[in-house]
Amino acid sequence: EYFRKQGGVLPIGSKCAPLLPDGQHVEMSDFSAFWMSVPYAMIGIGEVLVNPVLQHVAYAGADPSMRSLMQAFNLFAMGGLPNAVSAAMTQATASFVPNDLNQGNLPLVYLINIVFGVLGCLVYMRLSSLRKGAQGPQGTPCGAKDVESPVVQLPALLGERSEKPVAGDTKVHAEAGDVAVLQA
């Protein structure tokens, strides 16, 4: 933001910017819009690395009867809740972000966002430290038991014989090319 402000302002009205009270468009900054690719790439990489892990932790740590509800809450927490928080913060900091960004105080808005992010991390660390002593099904620590994958192994696909199915088993069994998944 400091570099954008130091770049100066061009005498050309931006057709993407809102109109000022005098009816003129806000003038463009002498700063390339391609610099926005850096933070957007960081956000994209972060979401690709974090969201699947969050979904796995929510699925593996939940009781089998509550997994679908936990996934629904997880999707809400990753999609709807951040938008609501962002909308509230946008309204709370609206006075620092006028239509002409050269007249605003964006570094203060960024600082407020950083403070909220750090507070969120501290709350997460505290809640996860409280969870470490929690017990899951059959007395195992929550999230310690791996979720069995319903993926058929290569020998099963090739028609090799595997163990016989047992009632209540959730493993994938294959015999002579037939695949059966038994659910508890």
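Within each chain, residue numbers correspond to sequence positions counted from 1 in written order. The model is predicted, so local features are restricted to residues of pLDDT at least 70 and side-chain atom pairs to those at 80 or more, both for listing and for counting; the totals for chains, interfaces and linings are taken over all residues. Calculated side-chain values reflect all of the structure's heavy atoms, with hydrogen atoms and water omitted.

Caption draft 1: Representation of the overall build of the protein in the model. Strands here are runs of E lasting at least two residues and helices are runs of H or I lasting at least four, both read from the DSSP assignment and numbered beginning at the N terminus. Regarding its fold elements, the protein presents five helices and four strands. Sequence-ordered secondary structure for the protein, helices as α and strands as β, is α-β-β-α-α-α-α-β-β. Relative accessibility thresholds used throughout: buried, under 20% of the residue-type maximum; exposed, over 50%; partly exposed, between the two (1.4 Å probe, protein chains only). For the protein, the residues scored as buried account for 12% of the 184 residues in total. Any two residues whose heavy atoms approach within 4.5 Å are treated as being in contact. The long-range share in the protein, meaning contacts at least 24 apart out of those at least 6 apart in sequence, stands at 24%. Note on areas: Shrake-Rupley with a 1.4 Å probe; residue coverage comes only from the protein chains shown. Carbon and sulfur atoms provide 66% of the accessible area of the protein, an area that totals close to 13900 Å².

Caption draft 2: Broad picture of the confidence of the model for the protein. Each residue carries a pLDDT score, the predictor's confidence in it, ranging from 0 to 100. When pLDDT is averaged along the protein, the result is 76; 71% of the residues meet or exceed 70. Of the regions scoring below 50 in pLDDT, residues 169-184 engages in 40 contacts with residues more than four places distant in sequence or in other chains.

Caption draft 3: Molecular detail of the packing of aromatic side chains. A pair of Phe, Tyr and Trp rings is counted when the ring centres sit within 6.5 Å of each other, with Trp represented by its six-membered ring. The angle between the planes then sorts it: under 30 degrees is stacked, over 60 is edge-to-face, the rest tilted. For the coordinates displayed, the defined rule picks out two aromatic pairs. Seen in terms of ring centroids, Phe-31 and Trp-35 are 6.2 Å apart; in terms of plane orientation they differ by 20 degrees. Their pairing is stacked. Residue classification places Trp-35 among the exposed residues on the basis of a relative accessible area of 55%. When the ring of Phe-73 is compared with that of Phe-76, the centres are 6.4 Å apart and the planes differ by 45 degrees; the resulting orientation is tilted. One end of the pair, Phe-73, and the other, Phe-76, are both in helix 3 (residues 67-92), three residues apart, so they sit about a helical turn from each other. For Phe-76, a relative accessible area of 44% puts it in the partly exposed group. In this structure, Arg-67 is placed above the aromatic ring of Tyr-59, and the distance from its NZ or CZ to the ring centre is 4.5 Å. Two thresholds decide whether a charge sits over a ring: the Lys NZ or Arg CZ must be within 6 Å of the ring centre and within 35 degrees of the ring normal.

Caption draft 4: Quick look at the packing of helix 2 (residues 37-61) against helix 3. The interhelical angle for the contact between helix 2 and helix 3, taken along N-to-C directions, is 150 degrees, at an axis separation of 9 Å. In terms of their interaxial angle, helix 2 and helix 3 are classed as roughly antiparallel. Crossing hand, helix 2 versus helix 3: right-handed. Contacts between helix 2 and helix 3 involve Asn-51, Leu-54, Gln-55, Ala-58, Tyr-59 and Ala-60 on the former and, on the latter, Arg-67, Met-70, Gln-71, Asn-74, Leu-75 and Met-78. For this classification, the nonpolar set comprises Ala, Val, Leu, Ile, Met, Phe, Trp, Tyr, Cys and Pro, the charged set comprises Asp, Glu, Lys and Arg, and every other residue, Gly included, is treated as polar. Residues that form the contact of helix 2 with helix 3 fall into these classes: seven nonpolar, four polar and one charged. For helices, the fitted axis covers only the stretch in contact; all axes are lines through C-alpha atoms, and the angles between them, taken along N-to-C directions, range from 0 to 180 degrees. Orientation categories follow fixed angle ranges, with anything under 35 degrees roughly parallel, anything over 145 roughly antiparallel, 65 to 115 roughly perpendicular, and all other angles oblique. By definition, any crossing whose near helix is turned counterclockwise from its far helix by less than a right angle is left-handed, and any crossing with a clockwise turn is right-handed.

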